[in-house]
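Residue-level structure breakdown
As a plain string of letters, each chain reads:
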Amino acid sequence: MSQTLDHLFDRNVTWANEKTRLDPDYFRRMAEQQTPDYLWIGCSDSRVTAIDLLSLDPVACFVHRNIANIVHTSDLNILSVLEFAIDTLRVRHVIVCGHYGCGGVYRAIAVQRGAMLDHWLQPLTMLYRKHRAHFDRIPRPEDRLDRLCEINIEMQVRRLAATPLVENAWRRGQELYLHGWIYGIHDGLLRDLGPHLSSVEERDQ
Ligand code: CO
């Protein structure tokens, strides 16, 4: 038996009509060439939506999402997004934005292992094991996980900075800033964690 999800199409029509009512030019603007200033690299978690929480027009932000916002340097998907964003769209800012309460980060240190997802989360698991003494000094388990969410973001910004794509952009003098942010699902607010990197020299300090 087919299931066509008509109620979602109904919601879509209502949404499109409302957009046009509030802003008659909205879809004409959307149909023009995308000229984003930002590339957002975030978690797949559906509660963490770049456009909504930044209150941005969708044309302003190019988006890549995966579980736990990890920058795998052998991931064809993220490398293609990065190349297109830097070389073609010429974004000025790349934002890695994780979030507190990230299920992917929790999973990375869970006892249960062996799924494809655990391979994906491997860098995070390794990071946790390497800094185990640091985490063990944090008394509350939830604070430990929050700390891992934060350190994960810093690691991913540094991994971005190490990619030949970013390095080449910097070496040819292209303006490109990397940022590490975290989002609180509990209060809807962003926090700037850093690092802020905008050159090979800053990266290698
Ligand atoms: Co998450």
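Quantities reported herein were computed from a predicted structural model and do not represent experimental measurements. (Residues numbered from 1 in each chain as written. Predicted model: local features only at pLDDT ≥ 70, side-chain atom pairs only at ≥ 80, totals over all residues. Heavy atoms only, no water.)

Time to look at the sheet that holds strand β1 (residues 38–43). Across the sheet, which stays open at both edges, the 5 strands sit in the order β2-β1-β3-β4-β5 with mixed pairing between neighbours. Every interior strand has two partners, whereas the edge strands, β2 (61–66) and β5 (189–192), have only one. With strand direction ignored, the average angle separating the axes of adjacent strands in the sheet is 25°. (Pairing = 2+ DSSP bridges. Helix = DSSP H or I, 4+ residues; strand = E, 2+ residues; numbered from the N terminus. Axes fitted to C-alpha atoms, helices over the stretch in contact; angles between N-to-C directions.)

Time to look at the coordination of the cobalt ion. Every protein donor of the cobalt ion is listed here as C43 (SG), H99 (NE2) and C102 (SG), and their distances to the metal cover 2.0 to 2.3 Å. In primary sequence terms, the donor set of the cobalt ion follows C-x55-H-x2-C. A residue pair is termed long-range when its members are at least 10 positions apart, and C43 in strand β1 and H99 in strand β3 (residues 93–99) qualify at 56 residues. Among the residues examined, C43 registers a relative accessible area of 5% and is labelled buried. (Donors = N, O, S within 2.8 Å, 3.2 Å for Na, K, Ca; no water. Buried < 20%, exposed > 50% of the residue type's maximum accessible area, 1.4 Å probe, protein only.)

Take unusual backbone geometry next. Peptide bonds are trans in most cases, and residues, glycine excluded, mostly fall at negative phi. Cis geometry is found at the peptide bond from G194 to P195, where omega equals 0°. Along the chain, P195 turns up in the loop between β5 and α11 (200–203). Phi is positive for S55, which is not a glycine, with a value near 50°. Positioned with a positive phi, A68 is a non-glycine residue whose angle comes to about 70°.

Moving on: the packing of aromatic side chains. Inspection of every chain in the model, using the stated rule, returns 4 aromatic pairs. Aromatic pair W15 and F27: ring centres 5.7 Å apart, planes at 75°, arrangement edge-to-face. Residue W15 is located in helix α1 (residues 6–22), and its partner F27 is located in helix α2 (residues 26–31); the two are separated by 12 residues in the primary sequence. Assessed through its relative accessible area of 32%, F27 is described here as partly exposed. Relative to F27, the ring of Y26 lies with its centre 4.9 Å away and its plane at 90°, an arrangement referred to as edge-to-face. (Phe/Tyr/Trp six-rings, centres within 6.5 Å; stacked < 30°, edge-to-face > 60°.)

By secondary structure assignment, the location of D45 is in the loop between β1 and α3 (50–54). When its relative accessible area of 15% is taken as the criterion, D45 is described as buried. In this structure D45 touches R65, H99 and I185, once residues within four positions along its chain are discounted. (Contact = heavy atoms within 4.5 Å.)

Here we take up the pattern of salt bridges. Taken as a whole and assessed by the stated rule, the structure comprises 18 salt bridges. We note a salt bridge from D136 to R132, for which the minimum N-O separation is 3.2 Å. One end of the pair, D136, and the other, R132, are both in helix α8 (residues 132–136), 4 residues apart, so they sit about a helical turn from each other. Overall, D136 belongs to the partly exposed group, its relative accessible area being 43%. Three or more residues joined by partner-sharing salt bridges are found here, namely E167, R171, R203 and D204. (Salt bridge = Lys/Arg side-chain N within 4 Å of Asp/Glu carboxyl O.)

This part takes up the nonpolar core. Formed by 43 residues in total, the largest nonpolar core has its most connected members in L39, V94, L124, L160, W170, L176 and L178. Of all the secondary structure elements, the ones that give two or more residues to this core are β1, α4 (76–88), β3, α5 (103–108), α7 (122–130), α9 (141–162), α10 (164–171) and β4 (177–184). No other element matches α9, which puts 8 residues into this core. Not counting chain neighbours up to four residues away, the residues in contact with V94 comprise L39, I41, L160, L176, Y177, L178 and H179. Judged by nonpolar contacts, the second largest core, of 8 residues, contains W40, A50, C61 and C97. (Core = buried A, V, L, I, M, F, W, Y, C linked by side-chain atoms within 4.5 Å.)

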